[in-house]
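# Structural features, examined
Take a look at the letters that make up each chain.
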Amino acid sequence: DEVIVNVHHFAEQIMDAIQSNHGWDSKVTISNEQNEVLETGGGILKAGWFLKESDPFVVMNADILTDLNLGEMIAFHQSHKPMGTLAVTSRSSSRALLFDDQNKLCGWKNDKTGETKGKPGHPKAFSGIQVLGPEIFNHVTFSGKFSMIDVYLDLCIHHTFQGFDHSNSLFMDIGTMEKLAAAEKFFL
């Protein structure tokens, strides 16, 4: 019932929609990135004042559709107590997070460029959904515009980031007009 939304592109439209719908019965706070988009990492860090005194919190990219059961993912996070729980699937992806046999993040690879980071492991596609403990703010060394994937790869050496596999859930990336049109056909 408490949400923070970072805005950049069409910020006024998003803020107007939130206001005219009274936050859909949630308390909605805006984190304004109109001057510079900060990517997920920079956006989370900028919203840290709102999140660092909270219980674990959910971060979800706005350009996905899924029926992933957030309640199950949050319960998984609470029972395993990692610094972060990352929603992943076994779908094909040119960039993959790598997980060890205990389903803990250990690396990353880009099949297109051959670039790798961390240790070898089992590839999983990241879904842009994560549950994070507020203690993460005590360990982030990045600033400005940055990816959370870089934070996870930096921290997974000494902290646990657990994979939450939701391969049996619906997942659609709607980050382009073509993908959005395909999603509209799927849901009509």
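First, a word on what this report is: a plain description of the structure on this page. Quick caveat, the model's predicted, so the values are computed rather than measured.

The calculated volume of the second largest pocket comes to roughly 200 Å³. If you go around the second largest pocket, the residues you meet are Asp100, Lys104, Leu105, Cys106, Gly118, Lys119, Leu153, Cys156, Ile157, His159, Thr160 and Phe161. Of the residues assigned to the lining of the second largest pocket, the class counts are six nonpolar, three polar and three charged.

Here we come to the pairing of strand 10 (residues 161-165). The buried fraction of strand 10 amounts to four of the five residues, a majority that puts the element mostly inside the structure. Looking at chain direction, strand 5 (residues 84-89) and strand 10 are connected through five bridges and run parallel. Following the sheet pairing, threonine 85 is matched in strand 10 by glutamine 162.

A separate point is unusual backbone geometry. Not every positive phi belongs to a glycine, and phenylalanine 10 is a case in point at roughly 55 degrees. As for its placement among the helices and strands, phenylalanine 10 is situated in the loop between strand 1 (2-7) and helix 1 (11-20). In this structure, histidine 22 takes a positive phi of about 50 degrees despite not being glycine. For histidine 22, the location among the structural elements is in the loop between helix 1 and strand 2 (27-32). Residue histidine 22 is classed as exposed on the basis of its relative accessible area, which comes to 65%.

Applying the stated criterion across every chain, the model contains four salt bridges. Between aspartate 150 and lysine 117 there is a salt bridge whose closest N-O contact spans 3.2 Å. Taken together, the residues aspartate 150 in helix 5 (residues 148-155) and lysine 117 in strand 8 (residues 116-118) connect sequence positions 33 residues apart. The exposure class assigned to lysine 117 is partly exposed, which follows from its relative accessible area of 31%.

Thresholds applied
- Residues numbered from 1 in each chain as written.
- Predicted model: local features only at pLDDT ≥ 70, side-chain atom pairs only at ≥ 80, totals over all residues.
- Heavy atoms only, no water.
- 1 Å grid on protein atoms, 1.4 Å probe; cavity = no way out; pocket = protein on both sides within 12 Å on 5 of 7 lines; lining within 4 Å.
- Points joined across faces, edges and corners; volume = space filled by probe spheres on them.
- Nonpolar A, V, L, I, M, F, W, Y, C, P; charged D, E, K, R; others polar.
- Buried < 20%, exposed > 50% of the residue type's maximum accessible area, 1.4 Å probe, protein only.
- Helix = DSSP H or I, 4+ residues; strand = E, 2+ residues; numbered from the N terminus.
- Pairing = 2+ DSSP bridges.
- Salt bridge = Lys/Arg side-chain N within 4 Å of Asp/Glu carboxyl O.

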